[in-house]
Structures are given as structure tokens and as C-alpha cells.
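Fold and geometry: a report
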Amino acid sequence: MHDMSAHAVQHGAPTSFIRKHVFSLDHKVIGKQYYALALLAALVGMVLSWIMRIHLGWGSFAIPGLHLLSSTGAPGNVLTPEYYLQLMTMHGTIMVFFVLTTAPFAAFGNFFLPIQTGAEDMPFPHFNMMSFWVTFVAFVVLVASFFAGDGPTLGGWTQYAPLSAIGSVGGPGEGIGVVLWASSIGLFCIGQLLGALNFITTTLDMRCRGMSLMRLPLSAWAWFITSIMGLTAFAVLMPACILLILDHIAGTSFFVASNLVINDQVLPHSGGSTLLWQHLFWFFGHPEVYIAIVPGMGIISHILITNMRKPMLSHRVLIYSMGALAALSYMVYGHHMFVSGMNPVSSLAFSFPTLVITIPSTIIVLIWLGSLYGAKLRINSASLFSLGFVSMFISGGVSGFFLAQPSIDIMLHATYFVVGHFHLVMGVAAMFGIFAGTYFWFPKMAGRMMNETLGRVHFWMSFVGAYCIFMPFHYLGIAGNVRRYQAFTDDYLIPLIPVHKFITIAALFTGVAQLIFVYNLIHSRFKGEIAPNDNPWEGTSLEWSTATPPPHNNFGDKMPVVYHDPYQYSVEGASTDYVMQTSPEKINSPKEEK
Amino acid sequence: MATTVHEPPKIELDRFPSQGSGNGGWRNLVPADGDLRRVKDYSPLPASTGIWVGLASITMTFAAFTSALVVRQGASPDWRHITLPPVLYLNTLVIIASSVTLEISRRRVAAFMGGLKDRATNPARWLYITLFLGLLFVAGQTFAWLQLKAQGFGLATNVSYSFFYVLTVAHALHLLGGLGGLARVIGKLSKSVLKRSTLDATSRYWHFMGVLWVYLLFLLWMKL
């Protein structure tokens, strides 16, 4: 350890309640705030999915109390077709932005990136605080659309123009609902940009002595790569939201074409490009998929290594592959637009890198599987969810091979096949990454252990439940079941209704498992078993070498010095089966990074 | 306008080497024998890196606006040519001049902080001049918007006007952030707590705003 007692921390320990718990500058508190926001958002998103699933299985079933959400959207406690779409839009938006982006990246990254790099805090703590609170306001604005005008927007989380840009003449949710949606997402972008600024600078400039880039744990690398993606992707979505808002409130014509007649009214817009929105949105949208999943890759790699008691087959190749995913994610966005009428040559140009991006994905998966082969894995809730992540990522990724090819995608576009694909590969997989991270890092964050039995019950119910929900989606899609339909009245869809009923039951079953998780989380926070020591999993990275919970400046008056690679497990000749990064113990490891 | 600075500002050595922590980099791996004397401290300053990261983000935002302009122009024949308000060219001179004055200021303050200049020299003078030129630029832009509006050309008159307003207002909002940064630098300088890295980062941001404006003017002149 290196004496830091004479050196000032960036900001003193807070004394007031407001500064300590509300407008905190401490990255650890901000990380917890992000986690709490993501948890709240996930619960809202899950309840919305239950309502939708019940409606899809039993369309006339009255859900008690639903009319309280909207008397016009759910008269007699049964969803109207428009309100179904409004809830679906909010489900997608909340889950993609406020859960899948917020929890694995902003929450865990905020808490652990500075600690894993050996920093006292983020370099710009005021920006960090603003990052959370702007994101919080964005969530409030989005939820406010439930109660404003005729409810939230119904355009889907992608908000395709011109539907999203024509205003209230289009029907329920097309007026103030879209403006609130775009305002919320614009604010969210600002929050993430401020966060990315801190993440990148922390990684590059705040590493402790001896912490070379290659000595960073894989989770830190994943957050670093994700922050670079976030910096460039959200900076594009924000101007798109501004233009969308202007089409609504200022009468501009960025996205609405000339002479468009909606509900017998000729709209006053002229010459707008409907495809312009798709270009701007998907330039953000595809990197967003990786913004959601790459942190999970880093987190579960970190957890698997700790539980395998050996490093991955190649630390460097895994990092390079995650970097390749990030770089390629900008070159493939057109595969979301194969049916937009684009030139077939353009389709080919987007199809090719889409197939190429499967190469780094496959390399990552093979490294995981090859490393697991023969490993004596310690089975616990965190490692189980990590294995679940690998399983979901493979299952969801395989269907991506089909969708990458325009000739097949044209048939499967906008069907449940696509919904099943992205739910598995970026939804459930990312959620499993969040769960794995929670079970793994909870002792460090809260000083207590989570209940292991409940954790395993949570895992098996979620694992089985998720497959029961999303595997049949692929079948439905191949059978021609178009997504976004709120009822199945066409002849060819009627035989599929039993499948939908099965999926609904599976969704409710899986939802119950998540309530078990919430109970476990809250109960363990206050009454869980006290963590036996600062390093209950016998990990090697810096978060396990500091106190539990970490002090205000993360390491007290002794800043860490790093001597080793992040994953020195089963080292020959060492006194224990692991050597911490801060241990000055000499080891004989020919594989030490230089 | 000017402020008298009685004492030379304290030179706050940024994070290194005073704080001693910081990145090792591949050159600085700590040897297993723990002999830290063999380790050289080196790290770029967070403010220095951070400003480039921020500028990258702003670049992406304006690249997105530019792409939108190009796509929208090609999407429909309703694009109308507009004559840019002449005051924009004057504003361009003003913002270029502000970069020059800021650079003079930056060098003087740096010299002043290093104790190379006479204490009587007022290092804040050129910062105030830069601030004034920045405000003059914003006033000039506002004049251009009002002039167009008085001529009946609003945000929704034609999409070319829409882009004109969106791009110029977006730039002006970013420039206001730069003005805030300049005011902060002046405040810190007057309290003798200015860090060199803060001054450098603010300067880079301001110069970037100038370059961005010249690019936008060229884009608007060429496309609108």
C-alpha cells in the first residue's frame, strides 16, 4: 500500500443528509441511486408486460383496478387496442433505457469502476451527480405521460416517423405523449453523456499506481468500452429527439412528408423524410444493443473467473473482441431497415458487417465455454446467473444469424421471431448479468450476504421461465404472427392463441420469481447475514481489498498499489489459491501482462 | 470590468506528482519486489482528457445534425435557398477574434502563474475581453434571428430555415456553456485558485466553438 494520508481527496466526506444521500457526489451512492432507479423501472416495466400478456392470452379478461391507470384506455378494466400499444411502448422504453442501460452500466459501473481502477472517485463528481438526477427527471417525465393528455405514446420504443411526428391528429398518445417521450429520452441522453465522460476519464486518468490498462478487470474494460459507445450513440439520439419535438411543437417538417392525410385531415407539413428518423434512431439503436449487453459480458466474465478459480483462456482476446463489437456496432445499423425499401446493394453492405459481428461474439462465447471446460466451478447464485447469461446470449444470438440476411429478414421482420431474438440476447441476458452482479457484489455494497437458497430458486424459476416465454416467440414468428397486434382474429392466427396463453402463464410464473428476488434484496439489505469478511468470494481485484462497505475515498488513507494481473488464481507456488492485485507477493506466472 | 489581482495565484500542481497515485501504464508496472522508486508517475490530467471526450460528444451531435440536413435536403424538392443574414460574417470575425484574445490571455495567465511576469500585469484583462467578444457574438446571433423573424422567416417557414435556426441555436447554447466556463476561470483567477488544467480545458472548448462555428457557417452557406 502506498501512503496517501498527506493527499487531499477530491471532495470531503459529506456531513449533511442531503449531500450524503440525495445530491451525493460519491460515486458509490450515485451507483446505488442508479440501481434503485433501475429496480423501480424494472418493476414498472414488468407489471406492464403482465398486463399486456394477460390481454394477449385472454383478451376480454378484466384486470381489477386497471381503469385506475386510464379510464379511457381501459374501460371496464379491459385494454383498448390503442392503450395496449401505449403500454407496450412504455414497457419497451422503460426496459431498454431505464433498466438495461441504467443497471449494468450506470449502477454497477458507478459503484465499482473507480474502485476497480484504484481511484478515490470519479474525476468530475458534480457531473456524476447531475448524470443521475437528469436521468431521474427523465424517468419522471416519461412516467408523467401516463397521466398527461390521452396517455403515453403508442409508437413503440423506436418511435418511427411519421406516426411519431404527426401530432394528436393521429389518435391517442400521439400528441403530448410523444413530446414527453422525446423530452425524456433527450434528457436521458444528457445524463448518459455526463456519465460516459466520467467513465472514460476515470479509466484513462485515475488508475492507481501499477494499474496498467491490461491489468484492469474485465468488468472495468466492459464499462470503459460501453462508455465510449454511449458517448457517441447518445450524442446522436439527442439531436434526433430535438428534431422530433420541433416537428410537434413548432410545425417543422423534418420527418413528415407532404400531403399526408390522417383522419381525413391534410397535415400542414411538407417534404419531410420518414427514413431520416430511422437513420438517426438506428445509428444510436444498434450500439444501444451493445451498450446493454457488453457490461453484462464483463460482469459475468469477472464472476465466472472468480468462481472457476482460473483466468479466462485469453484476457486480451476477450477485451479485443468486446472492442470489436463496439466498433462494428456502428456499421450494422441498416439491418434494422431491410424492409425500408433500401437499395439491395445497401442491404448487402449492412448484411456483411452484421455477419462479421458474429465473429467477435462467437470468440467471446468460445472463450467462456473453453474456460469453463474442466473448471471446478463454485456453484452459487452469482455463478448460476452468469451461466444463464451465457446460455441466453447463445440462444438469442443464434437467431441473429437468420435475421442478418435480408432475404430471411424480410419474411421475419416485425414478427415475434424478432421479439424473441432481442428479448433473449439483450433483454434476458442483460437482466441475468444484472442479477449475477447483484448477488456477487451485494456483500461489498451492503455489507451483508443475500440469501443463497432464495437466489437459487430465483435463478431456476427465471431460467426455465424465460425460455418458456421467449423460445415460443420464435415459433410464433415463423408461423407469421406479426408483433404489436393486440388481438388475434385472423384465421391463421387463431390456432396460435394457446401458445400465447402458455407464454402468459410462463410470464406470470417468471414474474413471481422476480418478486422473490426483490424480497431477498430488501430483506438481506436489513437483516441478511453479515458479510464474513471484506472478500467473501476470495476475489483478487481491488474491490475486495478495501473495507466493506468501502470508505468515502474508497481505500482510506492507504491508496492501493497494483502488482499483478487481475486474475491470479491457482497460482503455482503461491501461499493461497489466489493472489490479490495488491499483494506484493512474488509469483511465478509467465502469463503476467506487460 | 477589470479586476485587480493583488497576489499571484497559487500554482496548484495538478494531481501529479503531488498526489502520487495515477496510472501506471505499461511502462510503469510496479515490480514484484515493490520497489516504488523504479516507478515513474505519469498520467494525463482528468480535465485535459475530459475536455477532449466532451468535444468528441459535441462533434457527434453536430455530425448528426449535418447528416440530417444532407438526408433531408435530398428527400424532397421543397428545399428553398436562403440568403444568410450578413451579420453572421461579422459574428465570424468576432468569434475568431475572441479565440485570439483568449490565446493571448492563456499565455499571459500561464506566465503570470509561473511568476514570470510583473505582478502589476492584470492577467484577467484579456479574459474579460474574450468574455465580452463572446457575449457580442451571442448578441449578433440574436440579431440575426430577430432580423430573419422580422422578415417573416420563422422556424417552420421552410426546412432550410428550420435547419438554420436549429444549428445556430444549438451552437449558441454550447457557446453559452463556454461563456460560463470563462466566467468560472475569471472567478477562480481572482481567488487565486485557478488550475492550469482548468484554463487549458476552457481554452480548448472555446477554440472548438470557434472552429465549429466556421464549419457551420460554411455548411449553411453551401447548403442553404
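Residues numbered from 1 in each chain as written. Chains lettered and ligands numbered in written order. Predicted model: local features only at pLDDT ≥ 70, side-chain atom pairs only at ≥ 80, totals over all residues.

1. Notes on the overall build of chain A
- Counting its secondary structure elements, chain A contains 15 helices and six strands.
- Long-range contacts, defined here as pairs at least 24 residues apart, represent 79% of the contacts in chain A between residues at least 6 apart. (Helix = DSSP H or I, 4+ residues; strand = E, 2+ residues; numbered from the N terminus. Contact = placed C-beta atoms within 7 Å.)

2. Observations regarding the overall build of chain B
- Looking only at helices and strands, chain B has six helices and zero strands in total.
- Along the chain direction, N to C, the helices and strands of chain B fall in the order α-α-α-α-α-α.
- With 224 residues in all, chain B has 35% of them scored as buried.
- Here the analysis covers contacts within chain B between residues at least 6 apart in sequence; of these, 79% occur between residues at least 24 apart. (Buried ≥ 20, exposed ≤ 12 C-beta atoms within 10 Å, placed from the backbone.)

3. Thoughts on the nonpolar core
Residues and elements named next belong to chain A.
- Judged by nonpolar contacts, the single largest core of 218 residues is most densely connected at Ala38, Ala429 and Ala436.
- For alanine 38, the contacting residues outside a window of four places in its chain are Phe98, Val99, Thr102, Ala103 and Ala107.
- The next biggest cluster of nonpolar side chains, apart from the first, holds five residues, and it includes Val571, Tyr578, Val579 and Met580. (Core = buried A, V, L, I, M, F, W, Y, C linked by C-beta atoms within 7 Å.)

4. So, the environment of proline 532 of chain A
- One can find proline 532 of chain A in the loop between helix 15 (497-527) and strand 4 (558-559).
- Placed 400 residues apart in sequence, proline 532 of chain A and phenylalanine 132 of chain A show a C-alpha to C-alpha distance of 32 Å.

5. Let's talk about helix 14 (residues 452-478) of chain A
- Helix length check: helix 14 of chain A (27 residues) gives 39 Å between terminal C-alpha atoms against 39 Å at 1.5 Å per residue, within 8%.
- After helix 14 of chain A finishes, the residue glycine 480 of chain A shows a positive phi value of roughly 95°. (Expected span 1.5 Å × (residues − 1).)

6. Looking at the packing of helix 3 (residues 81-117) of chain A against helix 6 (residues 218-249) of chain A
Residues and elements named next belong to chain A.
- Direction vectors running N to C along helix 3 and helix 6 enclose 120°, while the axes themselves pass 9 Å from each other. When the axes of helix 3 and helix 6 are compared, the pair comes out oblique. Crossing of helix 3 over helix 6 shows left-handed handedness. Of helix 6, the residues touching helix 3 (which contributes Phe105, Gly109, Phe112, Leu113, Gln116 and Thr117) are Ser219, Ala220, Trp223 and Thr226.
- Per-class residue counts for the contact of helix 3 with helix 6 are five nonpolar, five polar and no charged. (Axes fitted to C-alpha atoms, helices over the stretch in contact; angles between N-to-C directions. Parallel < 35°, antiparallel > 145°, perpendicular 65-115°, else oblique. Left-handed = near helix turned anticlockwise from the far one by under 90°. Nonpolar A, V, L, I, M, F, W, Y, C, P; charged D, E, K, R; others polar.)

7. Topic: the confidence of the model for chain B
All names here are of chain B.
- Of the residues in chain B, 77% have a pLDDT of 70 or more, and the chain-wide mean is 81.
- Helix 4 (residues 125-150) holds the highest mean pLDDT among the elements of chain B, 95, whereas helix 1 (residues 15-18) holds the lowest, 35.
- Confidence over residues 1-28 falls short of pLDDT 50; this stretch has 70 contacts with residues more than four positions distant or in other chains.
- Among the prediction metrics, the complex's ipTM stands at 0.91, with pTM recorded as 0.91. (pLDDT = per-residue confidence, 0-100.)

8. Some remarks on the environment of valine 457 of chain A
- With respect to the element layout, valine 457 of chain A can be found in helix 14.
- For valine 457 of chain A and phenylalanine 555 of chain A, which are 98 residues apart along the polypeptide, the C-alpha to C-alpha distance reads 35 Å.

9. Quick notes on the environment of valine 140 of chain A
- Summarising the element assignment, valine 140 of chain A is placed in helix 4 (residues 125-144).
- Distance in space between the C-alpha atoms of valine 140 of chain A and serine 184 of chain A is 8.0 Å, their sequence separation being 44 residues.

10. Describing unusual backbone geometry
- Omega for the peptide link from alanine 161 of chain A to proline 162 of chain A comes to 5°, which places this bond in the cis form.
- Along the chain, proline 162 of chain A falls in the loop between helix 4 and helix 5 (176-205).
- A positive phi angle, close to 50°, is found at serine 570 of chain A, a residue other than glycine.
- Tracing the backbone through its elements, the reader meets serine 570 of chain A in the loop between strand 5 (568-569) and strand 6 (578-579).
- Positive phi, normally seen in glycine, also occurs at serine 192 of chain B, with a value near 60°.
- Structurally, serine 192 of chain B is set in the loop between helix 5 (159-190) and helix 6 (196-223).

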